[in-house]
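# Chain and residue survey
Spelled out, the chains give:
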Amino acid sequence: MVNNQPPDYVVGYGRPPKQHRFQPGQSGNPNGRPKKPKDLPSIVASELKKKVRVTEQGEARFVTRLEALAMRLVEQALKGDHRALKYLVQLNDQAVDPDDFEVGTDAQAILNDFLDKYDQRSESQV
């Protein structure tokens with residue numbers, strides 16, 4: 001074996017001979033670290049971020065799937081679907097900070113009245 005090391009270079013732990021070191025641009029792990037498997041929340045989040053084509057009033061535009069689902073929920077609530085309306089109100093309560101949003105006393109009374117009637121209906125159906 002040819003020893004072309006400078007005389008002051010000591011070979012030892014963590015100091016391999018220069019001819020056995022990785023060459024510039026060469027990695028010790030060419031395949032790299034294995035990718036972490038995706039978990040369910042990240043898969044769902046990535047699917048909801050994908051764009052879909054939606055036609056509104058004759059015009060097509062692209063929105064995320066999450067936006068499309070929210071639009072469909074609002075449409076169903078406006079058509080009179082009580083379950084969609086109740087779910088929409090629950091989502092709104094979770095998403096909106098009550099300090100930032102004020103509902104007039106009349107609107108709040110109407111909403112409370114509706115929710116009371118809906119709760120009575122759903123209990124009688126069970």
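Summary of the structure given here. (Residues numbered from 1 in each chain as written. Predicted model: local features only at pLDDT ≥ 70, side-chain atom pairs only at ≥ 80, totals over all residues. Heavy atoms only, no water.)

A few words now on the overall build of the chain. A count of helices and strands for the chain gives four helices and two strands. Mapped from its N terminus to its C terminus, the chain presents α and β elements in the order α-β-β-α-α-α. Counting across all 126 residues of the chain, residues that qualify as buried make up 10%. Residue pairs at least 24 apart in sequence account for 14% of intrachain contacts in the chain once pairs closer than 6 positions are excluded. For the chain, the accessible area works out to roughly 11,500 Å², and carbon and sulfur atoms hold 54% of it. (Helix = DSSP H or I, 4+ residues; strand = E, 2+ residues; numbered from the N terminus. Buried < 20%, exposed > 50% of the residue type's maximum accessible area, 1.4 Å probe, protein only. Contact = heavy atoms within 4.5 Å. Areas by Shrake-Rupley, 256 points an atom, 1.4 Å probe, with all protein chains shown as cover.)

A positive phi angle, near 50°, is found at Gln-57, a position not held by glycine. Here Gln-57 lies in the loop between strand E1 (51-56) and strand E2 (59-64). The exposure class assigned to Gln-57 is exposed, which follows from its relative accessible area of 86%.

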